[in-house]
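# Architecture at a glance
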Amino acid sequence: MTTRTDLIEALQNVEDPEIGMNIVDLGLIYGVHWDEEEGDVHVDLTLTSPGCPLGPEIIRDIKRALRRFDDVYDVDVELVWKPLWKPLWYLFMMSEYAKDELGYDEELGLGLGYY
């Protein structure tokens, strides 16, 4: 039987193609709701910007990653814009790995030129 943890681990294989990091570590997944009885998964996803041209590709990759489980029958991905993902928000949502990879420093901030 697939668990919610299994689903989240599968989502760690889905990358944001622009940044080259998985969507879980980036903090783009706001929620994963798993109905074991029906086999339905609902994912609340945000993107790094509302105009992100790669949103459809990321959604497709999410559906592919989760449909690999035998007991997952339907995957619904909902784009969520509240709270809007932004450089300060990521500090709470991103994993330590993602912060390290993107060059975040406690004293200096993010090394991507956002500041």
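Here's a quick rundown of the structure. (Residues numbered from 1 in each chain as written. Predicted model: local features only at pLDDT ≥ 70, side-chain atom pairs only at ≥ 80, totals over all residues. Heavy atoms only, no water.)

## Some thoughts on helix 2 (residues 55-67)
Stated precisely, the cut-off is as follows: Helix and strand assignments follow DSSP, with helices taken as H or I runs no shorter than four residues and strands as E runs no shorter than two, numbered in order from the N terminus. Multiplying 1.5 Å by the residue count of a helix minus one yields the expected span of that helix. Relative accessibility decides the category of a residue: with a 1.4 Å probe and only protein chains considered, values under 20% of the type maximum give buried, values over 50% give exposed, and everything between is partly exposed. It is the directions from the helix axis to the C-beta atoms that the arc portrays.
Between its first and last C-alpha, helix 2 extends 18 Å over 13 residues, near the 18 Å set by a 1.5 Å rise per residue. Among the residues of helix 2, Gly55, Ile58, Ile59, Ile62, Ala65 and Leu66 are the ones counted as buried. On an axial view of helix 2, the arc spanned by its buried residues comes to 125°, and they lie on one face.

## Things to note about the pairing of strand 3 (residues 29-35)
Let me state the cut-off plainly: We treat two strands as partners when DSSP finds at least two bridges between them.
Pairing analysis gives 6 bridges linking strand 3 to strand 4 (residues 40-45), with the strands arranged antiparallel. Each bridged residue has a counterpart across the sheet, and for valine 32 the counterpart in strand 4 is valine 43. Linking strand 3 back to strand 4 in an antiparallel pair, the connection comprises 4 residues, with glycine 39 at a positive phi of about 80°.

## Side note on the pairing of strand 5 (residues 74-79)
Threshold: By convention a crossover is right-handed if, when the strands point away from the viewer, the path from the first strand over the helix to the second runs clockwise.
Bridge analysis of strand 4 against strand 5 gives 6 bridges, and the strand direction is parallel. In the strand pairing of strand 5, valine 43 is matched with valine 77. Of the crossover connections in this fold, the one passing from strand 4 over helix 2 to the parallel strand 5 is right-handed.

## Comments concerning a negative patch on the surface
As a reminder of what qualifies: Here a patch means residues that are over 30% exposed by relative accessible area and free of salt bridges, tied together within 9 Å if like-charged and within 5 Å if nonpolar (Val, Leu, Ile, Met, Phe, Trp, Tyr). Here the open area of atoms and residues is found with the Shrake-Rupley method and a 1.4 Å probe, where only the protein chains shown may cover a residue. The term salt bridge refers to a pairing of a side-chain nitrogen on Lys or Arg with a carboxyl oxygen on Asp or Glu at a separation within 4 Å. Positive residues here are Lys and Arg, negative ones are Asp and Glu, while His and the chain termini are left out of the count. The atoms used to mark charge sites are NZ of Lys, CZ of Arg, CG of Asp and CD of Glu.
On the surface, a cluster of negative charge is made up of Asp35, Glu36, Glu37 and Glu38. Positionally, aspartate 35 belongs in strand 3. The partly exposed category is assigned to aspartate 35, whose relative accessible area is 33%.

## Some points on the sheet that holds strand 4
For the record, the criterion: Axes here mean lines fitted to C-alpha atoms, for a helix over just the part in contact, with angles spanning 0 to 180 degrees between N-to-C directions. Two residues qualify as a contact provided that any one of their heavy atoms is within 4.5 Å of a heavy atom in the partner residue.
Spatially, 3-4-5 is the arrangement adopted by the 3 strands of the open sheet, whose pairing is mixed. Both edges of this open sheet fall to strand 3 and strand 5, since each of them pairs with a single strand only. Across this sheet, the average inter-strand angle for adjacent strands is 15°, counted without regard to direction. Packing against the sheet, helix 1 (residues 4-11) makes contact with strand 3 and strand 4, and its axis sits at approximately 135° to strand 3. Packed onto the sheet, helix 2 meets strand 4 and strand 5 and runs at close to 150° relative to strand 5.

## Things to note about helix 1
Among the residues making up helix 1, those that are buried are Leu7, Ala10 and Leu11. Along the axis of helix 1, the buried positions cluster into a sector of 100°, meaning they face one direction only.

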